[in-house]
Amino acid sequence: NSRIFWTERSLSLKAYLEGPFNGTNMNTTLNGILPLSHPFNPALPYFGNPLPDWRFTGAGNVGAIPNVNIVDWVLVELRDAASAAAATKATMIAQFPAFILNNGNIVSLSGSSNLQFSNVIVNNLFVVIYQRNHVSIMNASPVPYTAGAYTYDYTTGAAQVYGGAPAHKQMATGIWGMRS
């Protein structure tokens with residue numbers, strides 16, 4: 001008999017948003033008014049843009065915002081490529097909405113658990129993080145895989161993001177984040 005084994009892989013990501021950053025973490029001011037559905041499927045054209053890179057038409061909603069530490073929605077895009085330069089939109093293998101917490105952790109729609117995906121990575125994993133009010137970022141080097149988990153921290157330096165300092169902003173000593 002043929003059997004198919006689905007292997008879920010954990011994805012642990014950390015990033016900061018410049019807008020709500022308060023010097024040590026991020027404010028949760030929007031938490032009480034965030035939409036219950038992801039905001040990445042706007043009416044087109046979106047302010048003159050016929051098809052934004054961050055447009056996502058898939059499902060992504062919650063009955064209530066599941067955690068008081070949620071700052072906002074983000075869209076996570078997985079790319080499978082040999083290098084960051086080769087990790088173009090054409091190498092995308094998955095997209096899904098997620099939440100970013102005040103400590104920078106990006107979590108599933110449960111509001112607390114790491115992201116999970118079952119896509120097979122043939123080359124290297126590159127992750128793009130989109131947020132509606134910030135410049136998107138992608139890791140500069142492949143996301144390391146250890147014991148069933150991919151883990152990447154975008155906050156520790158300009159070199160963590162593809163494009164370096166022009167694509168990333170130092171918000172405090174040793175803390176980098178997405179430009180608003």
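Parameters and conventions
- Residues numbered from 1 in each chain as written.
- Predicted model: local features only at pLDDT ≥ 70, side-chain atom pairs only at ≥ 80, totals over all residues.
- Heavy atoms only, no water.
- Helix = DSSP H or I, 4+ residues; strand = E, 2+ residues; numbered from the N terminus.
- Polar contact = N/O pair within 3.5 Å; in protein donor to acceptor, adjacent residues only side chain to side chain.
- Contact = heavy atoms within 4.5 Å.
- Phe/Tyr/Trp six-rings, centres within 6.5 Å; stacked < 30°, edge-to-face > 60°.
- Buried < 20%, exposed > 50% of the residue type's maximum accessible area, 1.4 Å probe, protein only.
- 1 Å grid on protein atoms, 1.4 Å probe; cavity = no way out; pocket = protein on both sides within 12 Å on 5 of 7 lines; lining within 4 Å.
- Points joined across faces, edges and corners; volume = space filled by probe spheres on them.
- Salt bridge = Lys/Arg side-chain N within 4 Å of Asp/Glu carboxyl O.
- Pairing = 2+ DSSP bridges.

**Considering the side chain of Glu18**
Along the chain, Glu18 turns up in the loop between strand S1 (9–14) and strand S2 (70–81). Within polar-contact distance, the side chain of Glu18 engages the side chain of Lys169 at 2.5 Å. Of note is the side chain of Glu18, whose polar atom sits 2.8 Å from the backbone nitrogen of Ser180. Among all residues touching Glu18, those that are not within four sequence positions of it are His134, Lys169, Met171, Met178, Arg179 and Ser180.

**So, the packing of aromatic side chains**
Evaluated as defined, the whole model comprises eight aromatic pairs. Relative to Phe47, the ring of Tyr46 has its centre 4.9 Å away and its plane inclined at 85 degrees; by these criteria the two rings are edge-to-face. With a relative accessible area of 79%, Phe47 lands in the exposed category. Relative to Tyr154, the ring of Tyr152 lies with its centre 4.8 Å away and its plane at 65 degrees, an arrangement referred to as edge-to-face. Of the residues examined, Tyr152 reaches a relative accessible area of 6% and is grouped as buried. Chaining the aromatic ring pairs together yields one cluster made of Phe40, Tyr46, Phe47 and Trp54.

**Points about the layout of surface pockets**
Of the volumes computed, that of the largest pocket is approximately 240 Å³. As for the largest pocket, its lining consists of 13 residues, and the residues nearest its centre are Asp53, Trp54, Tyr130, His134 and Ser136. Elements with a contribution of two residues or more to the lining of the largest pocket: strand S6 (124–131) and strand S7 (134–138). With four residues, S7 is the largest single contributor of residues to the lining of the largest pocket.

**A closer look at unusual backbone geometry**
In the segment running from Leu44 into Pro45, the intervening peptide bond is cis, with an omega of -5 degrees. Turning to its location among the elements, Pro45 is positioned in the loop between S1 and S2. Although it is not a glycine, Phe47 adopts a positive phi angle of roughly 45 degrees. If you trace the backbone, Phe47 turns up in the loop between S1 and S2.

**So, the pattern of salt bridges**
Taken as a whole and assessed by the stated rule, the structure comprises four salt bridges. Among the salt bridges present, the one from Glu18 reaches Lys169, with a minimum N-O distance of 2.5 Å. One end of the pair, Glu18, is in the loop between S1 and S2; the other, Lys169, is in strand S10 (residues 169–172), with 151 residues separating them in the sequence. Lys169 gets classed as partly exposed once you look at its relative accessible area, which sits at 28%. Residue Glu77 pairs with Arg79 through a salt bridge whose shortest N-O separation is 2.7 Å. On the basis of relative accessibility, which here comes to 0%, the residue Glu77 falls in the buried class. Several salt bridges share partner residues, and in doing so they unite Glu77, Arg79 and Lys89 into one network.

**Notes on the environment of Ala86**
Mapped onto the secondary structure, Ala86 falls in the loop between S2 and strand S3 (92–101). With near-sequence residues (within four places) excluded, Ala86 lies in contact with Ala81 and Thr91.

**So, the pairing of S3**
Burial analysis of S3 places eight of its ten residues in the buried class, which makes it a mostly covered element. As defined by bridge partners, S2 adjoins S3 across nine bridges and the pair is classed as antiparallel. Bridge assignment links Glu77 to a residue of S3, and that residue is Gln95. Two successive antiparallel strands, S3 and strand S4 (residues 105–107), enclose a turn made up of three residues, where Gly104 displays a positive phi of approximately 95 degrees.

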